Amino acid sequence: MRKNRSFSQPLMCLLSSALFLLPVAAAQAQTWPERPIRLLVPYAPGGSSDVVARAVASEMSKDLGQQVVVENKGGAQGMIATTEVARAKPDGYTLILGHVGTLAVNPSMIPKLPYDPRRDFAPITLLAKLPMVFALGNSVDAADFSSFVALAKSKPGVMNYGSAGNGSAGHLAFEMLKMATGINVVHVPYKGTGAQLNDLLGGFIDAAAAGTPGLLPAAKAGKIKIIAVGSRKRLAVLPDIPTVEQEGYPGFESSQWFGLLAPAGTPGSVVERLHKSALVALKSTSVRQRMEYDASEISGAGPQQFAAFINAEEHRWRQVVHSARLSVQ
C-alpha cells in the first residue's frame, strides 16, 4: 500500500500542475496581444506581397485591438526577413508574410538556406493565391503573346525580362514560360517589383512577369502591354487577355501565393487567435474588394492545411528549379 501511495504522489503533483497551468494559458490567450505586432514582408514596397500584407494587416489591426505594423525587408531572395522571423521570440509579436519564393523555391535554389520552412515556422493561414501575368514594354515590337514568342525566337539570347529577384514568383513564372515555348530570353533580377516596373516603363528591359497588383495599374494606363496570364482561366479584370494555355501550351499554370507564419514554438492559442483574425480580415469588404480587383483567390486555410500546402508546393517547384537548372546568381 505504501508503494501505491508513493507512486500516486508525483502523479497527483503533475495533475495539479497541469490544472494550475490551464487558467494561465487561458488568461494568456485572453490578454494577447498587449502591444503592436510586426508583420515582415520579405520584398521591397510596391509589389504583390506588399499590397496583400497591408490590406490584411489593416483589418487585422481592427480585430485584434493592436496595430499590425508592416515592415518591408527585401533582399537576398527574401532570406533577410524570413530568417529574422525564424529566429524571433515565439510570442506572436513577430510574423512573416510567407511566399512561394521564400518557402517553396528557395529550398531548391539555395544550398545553405539559413532557415527551414518546415522546422522553423508555425503556419497560421494561407491568405490568397494570385495568378501571374506577362507584360511587355511599349517599345517592344509585339502586340500579343504569339508575336512576342515569334520575335524572341528570331533573336535568341538578345531580349530580356525582369523579375522581382532570383527565386521570385516572376522569375520562376518566366522560366516556366521559356521551357514551354522554347524561347531564349535573359533574366534581369531586381530588388522588388517596383524597381522592375520602373525599368520596364523606361524601356531598359523588354518583358516582365509579376502578379496583377504590380503590373495592372500601369497596363490600364497604357504604359505597358499585358500579353498573357498564367492562370488556367481568363481573369475578370483582364477579360480580353488569353491564358498561356489558350495560346497553345496545355497544362501551363503559374501563380504566387501568400500566407502568415509565426516562429516555431508560438503558443497554439496565439496561432489560433491569429488565424481567426486573418479570417475576419479576409471576409472584410475592403480586403475582398482589393483581392477581387487584383484577381486574387482568397483562401483562409488553417495551420495544418497551410503546412501541407507548403510541402506540396516545395515539391512542385523543386522540379521546375532542377529542370531549368536555376541557381542563385
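Parameters at a glance
Position numbers for residues start from 1 in each chain and track the written sequence from start to end. Local features in this predicted model are restricted to residues whose pLDDT is 70 or higher, and side-chain atom pairs enter the listing and the counts only when it is 80 or higher, whereas totals over whole chains, interfaces and linings include all residues. To get the side-chain values, take all heavy atoms of the structure and skip hydrogens and water. For the purposes of this entry, the term helix denotes a DSSP run of H or I that reaches at least four residues, the term strand denotes a run of E that reaches at least two, and both are numbered from the N terminus. Note on classification: 1.4 Å probe, protein chains only; a residue is buried when its accessible area is under 20% of the maximum for its type, exposed when over 50%, partly exposed between these limits. Residues are treated as being in contact if the distance between any of their heavy atoms lies within 4.5 Å. For this analysis, a salt bridge means a side-chain nitrogen from Lys or Arg found within 4 Å of a carboxyl oxygen belonging to Asp or Glu. Polar contacts here mean pairs of N or O atoms no more than 3.5 Å apart (in protein, one a potential hydrogen donor and the other a potential acceptor; neighbouring residues in sequence count only if both atoms are side-chain atoms). Between N-to-C directions, angles cover 0 to 180 degrees, with each direction set by a line fitted to C-alpha atoms, over the stretch in contact for helices. Just so you know how the angles are binned, under 35 degrees is roughly parallel, over 145 roughly antiparallel, 65 to 115 roughly perpendicular, and the rest oblique. The residue classification treats Ala, Val, Leu, Ile, Met, Phe, Trp, Tyr, Cys and Pro as nonpolar and Asp, Glu, Lys and Arg as charged. All others, Gly included, are polar. What a helix is expected to span follows from its residue count: subtract one and scale by 1.5 Å. For Phe, Tyr and Trp, rings pair up if their centres lie within 6.5 Å, where Trp contributes its six-membered ring, and each pair is then called stacked (planes under 30 degrees apart), edge-to-face (over 60) or tilted (otherwise). We call a charge positioned over a ring when the NZ of a Lys or the CZ of an Arg lies within 6 Å of the ring centre and within 35 degrees of the ring normal. Pairing between strands is defined by DSSP: at least two bridges between the two strands are required. We call a crossover right-handed when, viewed with both strands directed away from the observer, the connection leading from the first strand over the helix to the second proceeds clockwise.

Take the environment of L235 next. By secondary structure assignment, the location of L235 is in the loop between β8 (224-229) and β9 (255-263). Judged by relative accessible area, L235 falls into the buried class, the value being 7%. Beyond its immediate chain neighbours, meaning those up to four positions away, L235 contacts P131, V133, T212, V229 and A295.

Moving on: the environment of P42. By the secondary structure assignment, P42 is in the loop between β1 (37-41) and α2 (48-64). Owing to a relative accessible area of 0%, P42 belongs among the buried residues under this scheme. As for P42 and I96, which are separated by 54 residues in sequence, their C-alpha atoms are 7.7 Å apart. Not counting residues within four places of it along the chain, the set of residues in contact with P42 comprises K73, G74, G75, G78, A81, T82, I96, L97 and T102.

The subject of this paragraph is the pattern of salt bridges. Summed over the entire model, instances satisfying the criterion amount to 17 salt bridges. For the salt bridge of D91 with R35, the shortest nitrogen-to-oxygen distance reads 3.3 Å. One end of the pair, D91, is in the loop between α3 (79-86) and β3 (94-99); the other, R35, is in the loop between α1 (2-31) and β1, with 56 residues separating them in the sequence. Among the ionic pairs, R54 bridges to D50, the shortest N-O distance being 2.8 Å. In this pair, R54 and D50 are both assigned in helix α2, four residues apart and thus about one turn of the helix distant. Judged by relative accessible area, which is 40%, R54 ranks as partly exposed. Owing to a relative accessible area of 9%, D50 belongs among the buried residues under this scheme. Connected via shared salt-bridge partners are R38, E71, K73 and E84.

Take the side chain of N160 next. Its place among the elements puts N160 in strand β5 (residues 160-163). In terms of polar contacts, N160 uses its side chain to reach the backbone amide nitrogen of D206, at 2.8 Å. Apart from the residues within four sequence positions on either side, N160 is in contact with V185, V186, V188, F204, I205, D206 and A207.

What follows is about the packing of helix α9 (residues 268-283) against helix α10 (residues 285-293). In contact at an axis separation of 5 Å, α9 and α10 are set at 65° when each is read in the N-to-C sense. Relative to α10, the element α9 is oriented roughly perpendicular. Residue-level inspection shows A281, L282 and K283 of α9 in contact with α10, the latter providing T285, V287, R288 and M291. Taken together, the residues of the contact of α9 with α10 break down into four nonpolar, one polar and two charged.

This part covers helix α6 (residues 169-181). Its 13 residues place the ends of α6 18 Å apart at the C-alpha level, agreeing with the 18 Å of an ideal helix rising 1.5 Å per residue. By the criterion of burial, α6 is predominantly enclosed, with 11 of the 13 residues buried. Among all positions in α6, only A169, G170, H171, L172, A173, F174, E175, M176, L177, K178 and T181 are buried. Once α6 ends, the next one or two residues include G182, with phi positive near 80°.

Moving on, we get to the packing of aromatic side chains. Under the defined criterion, the tally for this structure stands at nine aromatic pairs. A centroid spacing of 4.1 Å and a plane angle of 10° characterise the contact between Y161 and F174, whose relative ring orientation is stacked. Note that Y161 is positioned in strand β5 and F174 in helix α6, a separation of 13 residues in sequence. The class of Y161 is buried, set by a relative accessible area of 0%. For F174, a relative accessible area of 1% translates into the label buried. These aromatic residues form a ring-pair network of at least three members: F134, F148, Y161, F174 and F252. The residue whose ring lies beneath R35 is Y93, and the NZ or CZ to ring-centre distance is 3.7 Å.

This part takes up the pairing of β1. With four of its five residues buried, β1 lies for the most part within the structure. Of the strand pairs in this sheet, β1 and strand β2 (residues 68-72) are connected by five bridges, and their pairing is parallel. In the sheet register, L40 faces β2, and the bridge partner there is E71. Taken together, β1, α2 and β2 form a β-α-β motif whose crossover is right-handed. When β1 meets β3, the two strands line up parallel, connected through three bridges. Residue L40 lies in a different strand from β3, and its bridge partner there is I96.

With that settled, the discussion passes to unusual backbone geometry. With glycine set apart, most residues show a phi of negative sign, and most peptide bonds adopt trans. Of note, the amide linkage connecting W32 to P33 takes the cis form, showing an omega dihedral of 0°. Although it is not a glycine, Q77 sits at a positive phi angle of roughly 55°. With respect to the helices and strands, Q77 occurs in the loop between β2 and α3.

All quantities given are derived from atomic positions and should not be read as evidence of function.
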